[in-house]
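Observations on the model geometry
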Amino acid sequence: MRRVYLRFGEKDVSSAMAAGERKLMIERHRHSLARFGYSPHALYWESREAQEMRFKVLSEIGIMAGDSLLDVGCGFGDLYDWLISHDLPVDYTGIDLSMEILDKGLDIHPTLNLQQGELFDFDWSLLSGTLSWCLKDEGDYARRVIRRMFELCRKGVAFNLLNSRTFDAANMGDIYAFDPAKIMKFCRDITPYCELHDGYLDYDFTIYMKRDP
Ligand SMILES: C[S@@+](CC[C@H](N)C(=O)[O-])C[C@H]1O[C@@H](n2cnc3c(N)ncnc32)[C@H](O)[C@@H]1O
């Protein structure tokens, strides 16, 4: 069986993305895939190098070979390839809203566990670039996702966001950036074991949230 569809939203409709935004997200990636094909540009990344730099920083939360890992907004599943090429074979599941992007990912990785949906339950939950779109909700959905990812994971969560201190999203209607200090405070109210990482790319920051020190 190539994929299993999540029945997300059945128990917790309030956490799900609004239906209109979800449709827009799927449309957006349909167009970018048609334009760029299998490429980081179809995922709105600036380059393969920047995509992989994000993978490197996320993976340094403490992932070990054999861990299970959920990649939220996995795109084509490129994180899996990156982990394998860095001697980190993991029990990988990717979820993404865009069936078109997942289908292309499955062409490239026919045996990878890629599922359509929003969230699930794993040791680690990683998210790269998924929350950079402006949903016109002041970051509410992003905070719900972060909180829910942490509730669902057994070991921890690592995610990146665009940094509002270095990236001026005000003139880019579709993009949303976050203040690292405010997101850190939000995360620390969930778990004391949080770390902020920045300086690895101009416009990004990464936060690790763990259950144990
Ligand atoms: C910037 S791309 C990054 C893809 C992948 N993480 C990578 O770095 O190669 C963001 C992806 O998140 C997906 N996405 C956006 N919002 C999502 C959500 N709430 N749940 C699951 N996937 C989502 C999009 O369809 C897109 O494929």
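Residues numbered from 1 in each chain as written. Predicted model: local features only at pLDDT ≥ 70, side-chain atom pairs only at ≥ 80, totals over all residues.

**Comments concerning the overall build of the chain**
Assigned secondary structure in the chain consists of six helices and seven strands. N-terminal to C-terminal, the α/β element order of the chain is α-α-β-α-β-α-β-β-α-β-α-β-β. Within the chain, the proportion of its 213 residues that are buried is 34%. Taking the contacts inside the chain whose residues are at least 6 apart along the sequence as the reference set, 62% of them involve residues at least 24 apart. (Helix = DSSP H or I, 4+ residues; strand = E, 2+ residues; numbered from the N terminus. Buried ≥ 20, exposed ≤ 12 C-beta atoms within 10 Å, placed from the backbone. Contact = placed C-beta atoms within 7 Å.)

**Brief notes about the site of the ligand**
Contacts to the ligand come from 21 residues, most closely from Leu-43, Gly-73, Gly-75, Ser-98 and Gly-129. Contributing elements (two or more residues each) for the shell around the ligand: helix H1 (19–36) and strand S2 (91–96). Of the residues belonging to the shell around the ligand, the class tally is 10 nonpolar, eight polar and three charged. (Near = placed C-beta within 6 Å. Nonpolar A, V, L, I, M, F, W, Y, C, P; charged D, E, K, R; others polar.)

**A word on the nonpolar core**
Leu-69, Trp-124, Leu-126, Met-149 and Phe-159 are the most contacted members of the largest nonpolar core, which has 46 residues in total. Not counting residues within four places of it along the chain, the set of residues in contact with Phe-159 comprises Leu-126, Leu-127, Ile-146, Thr-206 and Ile-207. (Core = buried A, V, L, I, M, F, W, Y, C linked by C-beta atoms within 7 Å.)

**A look at the packing of H1 against helix H4 (residues 99–108)**
Relative orientation of the contacting elements H1 and H4 amounts to 40 degrees, with a least axis distance of 8 Å. On the basis of the axis angle, H1 is oblique to H4. Only Glu-100, Ile-101 and Lys-104 of H4 make contact with H1, whose side of the interface consists of His-29, Arg-30 and Leu-33. When its residues are assigned to classes, the contact of H1 with H4 shows two nonpolar, one polar and three charged. (Axes fitted to C-alpha atoms, helices over the stretch in contact; angles between N-to-C directions. Parallel < 35°, antiparallel > 145°, perpendicular 65-115°, else oblique.)

**What to know about helix H2 (residues 48–59)**
Look at H2: 16 Å from first C-alpha to last across 12 residues, which is about the 16 Å you get at 1.5 Å a residue. Of all the residues in H2, the buried ones are Arg-54, Phe-55, Val-57 and Leu-58. If you follow the buried residues of H2, they end up packed against helix H3 (78–85), strand S4 (124–127), strand S5 (156–162), strand S6 (193–198) and strand S7 (204–210). (Expected span 1.5 Å × (residues − 1).)

**Remarks on the environment of Leu-97**
Structurally, the position occupied by Leu-97 is in the loop between S2 and H4. Residue Leu-97 is classed as buried on the basis of its 20 C-beta neighbours within 10 Å. As for Leu-97 and Gly-73, which are separated by 24 residues in sequence, their C-alpha atoms are 7.0 Å apart. With near-sequence residues (within four places) excluded, Leu-97 lies in contact with Arg-22, Met-25, Ile-26, Gln-116 and Glu-118.

**As for the sheet that holds S7**
Sheet architecture is open: seven strands sit in the order S3-S2-S1-S4-S5-S7-S6, paired in mixed fashion. Only two strands of the sheet have a single partner each, and these edge strands are strand S3 (113–116) and S6. Neighbour-to-neighbour, the strand axes of the sheet open up by a mean angle of 20 degrees, direction not taken into account. Contacts from helix H5 (residues 140–152) reach strand S1 (68–72), S4, S5 and S7, with the element oriented near 165 degrees to S5. The sheet strands contacting helix H6 (residues 180–188) are S5, S6 and S7, and the helix crosses S6 at an angle near 160 degrees. (Pairing = 2+ DSSP bridges.)

**Considerations on the pairing of S3**
Two elements, S2 and S3, share four bridges in a ladder whose sense is parallel. Counterpart to Gly-94 in the pairing with S3 is Leu-114. Once you follow S2 into H4 and on to S3, the crossover reads as right-handed. (Right-handed = clockwise from strand over helix to strand, strands pointing away.)

**Looking at the packing of H2 against H3**
The geometry of H2 relative to H3 is characterised by a closest axis approach of 10 Å and an angle of 65 degrees between their N-to-C directions. When the axis of H2 is compared with that of H3, the two are roughly perpendicular. Between H2 and H3 lies a crossing whose hand is right-handed. For the pair H2 and H3, contact is made by Gln-51, Glu-52, Phe-55 and Ser-59 and by Asp-78, Leu-79, Trp-82 and Leu-83, respectively. (Left-handed = near helix turned anticlockwise from the far one by under 90°.)

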